[in-house]
Amino acid sequence: MLIIGLDGVPPELLFDRMADVMPNVRRLLRTSRRAPLRSTDPPLSVPAWPVMFTGVDPGTLGVYGFRHRSENGYTLDHIPQSGDLPVPTLWEILSQRGYRVGVVGMPLGYPPPAINGAYVSDFLTPAGATDTTFPAGLHAEIERRFGRYVFDVSFRSGEREVLADELLAMTDRRFAVASWLLGQEPWDVFAVHEIGTDRLHHAYWKYFDPAHPEFDPENPYAEVARRYYAAVDTGIGRLLGQIDERTRVLIVSDHGAMPMHGCFCINDWLERRGYLVVRQPPTPGTPFEKADVDWSRTSAWGAGGYYARIFFNIRGRERSGAVAPEEVAALRDQLAGELGQVLDPAGRPLGARVVAPSELYESVRGDAPDLMVYFGDLKWRSAGTMGHPDLFLAENDTGPDDAVHGWDGVFVLYDPSHARAETLPTLAIRDVTPTILHLLGEVPPAHVQGRSIPEVVGASIPSPAAP
Ligand SMILES: [Zn+2]
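About the thresholds
- Residues numbered from 1 in each chain as written.
- Predicted model: local features only at pLDDT ≥ 70, side-chain atom pairs only at ≥ 80, totals over all residues.
- Heavy atoms only, no water.
- Helix = DSSP H or I, 4+ residues; strand = E, 2+ residues; numbered from the N terminus.
- Rg over C-alpha atoms; globule rule 2.2 N^0.38 Å.
- Contact = heavy atoms within 4.5 Å.
- Buried < 20%, exposed > 50% of the residue type's maximum accessible area, 1.4 Å probe, protein only.
- Pairing = 2+ DSSP bridges.
- Donors = N, O, S within 2.8 Å, 3.2 Å for Na, K, Ca; no water.
- Tetrahedral: all angles 85-135°; square planar, octahedral: opposite > 155°, others 65-115°.
- 1 Å grid on protein atoms, 1.4 Å probe; cavity = no way out; pocket = protein on both sides within 12 Å on 5 of 7 lines; lining within 4 Å.
- Points joined across faces, edges and corners; volume = space filled by probe spheres on them.
- Nonpolar A, V, L, I, M, F, W, Y, C, P; charged D, E, K, R; others polar.
- Domains from an automatic or database assignment.
- Buried area = accessible area lost by both parts, 1.4 Å probe.
- Salt bridge = Lys/Arg side-chain N within 4 Å of Asp/Glu carboxyl O.

A. A look at the overall build of the protein. Summing up its helical and strand segments, the protein has 14 helices and 23 strands in all. The globule rule puts the C-alpha radius of gyration for 467 residues at 23 Å, and the 22 Å found for the protein is close to it. Along the longest, intermediate and shortest principal axes, the C-alpha atoms of the protein span 65 × 55 × 45 Å. In the protein, 71% of the contacts between residues at least 6 apart in sequence involve partners at least 24 apart.

Structure representation (structure tokens):
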């Protein structure tokens, strides 16, 4: 089985708007099942990829975003690593069962896990790291053959012309490395992840989508997205050209993307409502970690990103906790009620959706936020800075950014024993791992929460005998 993971690609781009520059994908779709793939809550690469390839929800994994607190501190200073996952990934499950597995870049992939095969670490690999492959010697061999391997690009740097070339170069090299590794042995399962699609959306969405509030038809970057998707298709075509006629192919993405409307300044809002107290008013754009917060008088604070994680400052849990544990339930209700009344810059309800992790997940582990808040169904980000005169910013406070995440990614399954086009209803990301195991004739381990697609939608996907 060949698994191609394209970060943040929504169904409308892969199936429709970019189809004319993607002949290889188009051809594959003619004989494949396809569906929108509903992402995780929250729809972010981390937790979405680990959920896709464990079959376990974010709460049970204890992964709620790209950064986490250590020991209930007031900053998010820990980047999740492969070893943080409490359950084995699909790659580890298959390894234990004797499959030969090759993986390039699938998150969480740093440090690269020891599997029965080879693993190249993911886009969260720290700059300058040399422990990026399993087995370790693969790192030097890749650099010798292909030059410097690029894990990610700085997509909010603002240099749009340079970035387009960097994206193309990164992706070209990724597929070259994947193609080379794929050819090294007859793998049972081979997977590659490309982060560039997500970076493209963040950096260039407003240049190609007339629905973006800042779209300008005369802009110089109107063709960047199509050029990039064409390059991705070339890379995919290269891999498809290497597999035999019995190989199944899966193309998946972890979440969608859509135009960004701006940022909501959650900590300025909390400050105005008296939940957060500062000793000195921060200058506009001060990162929250740098603000002079009076923790003895603060009951709640928020983290920035595609959604807001709200943490209460609880006595006995936080270092300078100010809220008694018995007051937390009332605080939660009050805060949720007030957030629900926030109006957008046009005076309409912002539509803040406030949920507690316990409402979403089968279990809640690790550094869970006390509340999760989505603004305008994800169209507005949560600002990680404070001191702004207005509660809404037109731009992302962390640098130029055009896109936010959407709920639906893609699911494409080409199965030689069912080579015809079929559109399935929306599938759930947690069901991908049990589906792959089903296709391989394997039974999922008991801790897997998702179900295989035949169970979910009643589609007849035959399960052959295991190799
Ligand atoms: Zn992603």
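B. Broad picture of the environment of Leu13. By the secondary structure assignment, Leu13 is in helix 1 (residues 11-17). Taking the C-alpha atoms as reference points, Leu13 and Gly109, 96 residues apart in sequence, are found 27 Å from one another. Excluding residues within four positions of it along the chain, Leu13 makes contact with Met18, Ala19, His201, Trp205, Phe208 and Tyr229.

C. Inspection of the pairing of strand 14 (residues 308-312) at higher detail. Here strand 14 lies mainly inside the structure; five of its five residues are buried. Here strand 14 shows no split at all, with Ala308, Ile310 and Phe312 on one side and Arg309 and Phe311 on the other all buried. As consecutive antiparallel partners, strand 13 (residues 300-303) and strand 14 are separated by four residues, and within that stretch Gly305 has a phi angle of approximately 140°, a positive value. Pairing analysis gives three bridges linking strand 14 to strand 16 (residues 371-374), with the strands arranged antiparallel. Within the sheet, the bridge partner assigned to Ile310 lies in strand 16 and is Leu371.

D. Layout of the coordination of the zinc ion. Donor atoms from the polypeptide that bind the zinc ion are Asp7 (OD), Ser45 (OG), Asp254 (OD) and His255 (NE2), placed at 1.8 to 2.2 Å. The site at the zinc ion holds four donor atoms, and with the angles between them running 100 to 123°, its shape is tetrahedral. Within one chain, the residues serving as donors to the zinc ion are arranged as D-x37-S-x208-D-H. Placement of the pair is Asp7 in the loop between strand 1 (2-6) and helix 1 and Ser45 in helix 3 (residues 45-52), with a sequence separation of 38 residues. Each member of the pair, Asp7 as well as Ser45, carries the same accessibility label: buried.

E. Representation of the side chain of Asp198 in the model. Looking at the element boundaries, Asp198 is found in helix 8 (residues 196-208). Sequence-distant contacts of Asp198, that is, excluding residues within four places in its chain, are made with Asp7, Gly8, His255 and His405.

F. Spotlight on the layout of surface pockets. Empty space within the largest pocket amounts to approximately 800 Å³. Together, 36 residues line the largest pocket, and Phe66, Arg67, Arg156, Tyr306 and Arg381 are the ones closest to its centre. In terms of residue class, the lining of the largest pocket is made up of 14 nonpolar, 13 polar and nine charged.

G. How the structure looks around the domain arrangement of the protein. Looking at the protein, the domain boundaries give domain 1 (2-54 + 89-259 + 405-457) and domain 2 (262-400). Placing a centre on the C-alpha atoms of domain 1 and another on those of domain 2 gives a separation of 32 Å. The interface of domain 1 with domain 2 comprises 16 residues on the first partner and 17 residues on the second. Of the roughly 1400 Å² buried where domain 1 meets domain 2, counting both sides, 50% is carbon and sulfur surface. A per-residue breakdown of the area domain 1 buries against domain 2 is headed by Asp41, Arg156 and Trp407, which together make up 40% of the total. Taken together, domain 1 and domain 2 are joined by two salt bridges. Tallied by class, the residues present in the side of domain 1 that touches domain 2 amount to six nonpolar, five polar and five charged.

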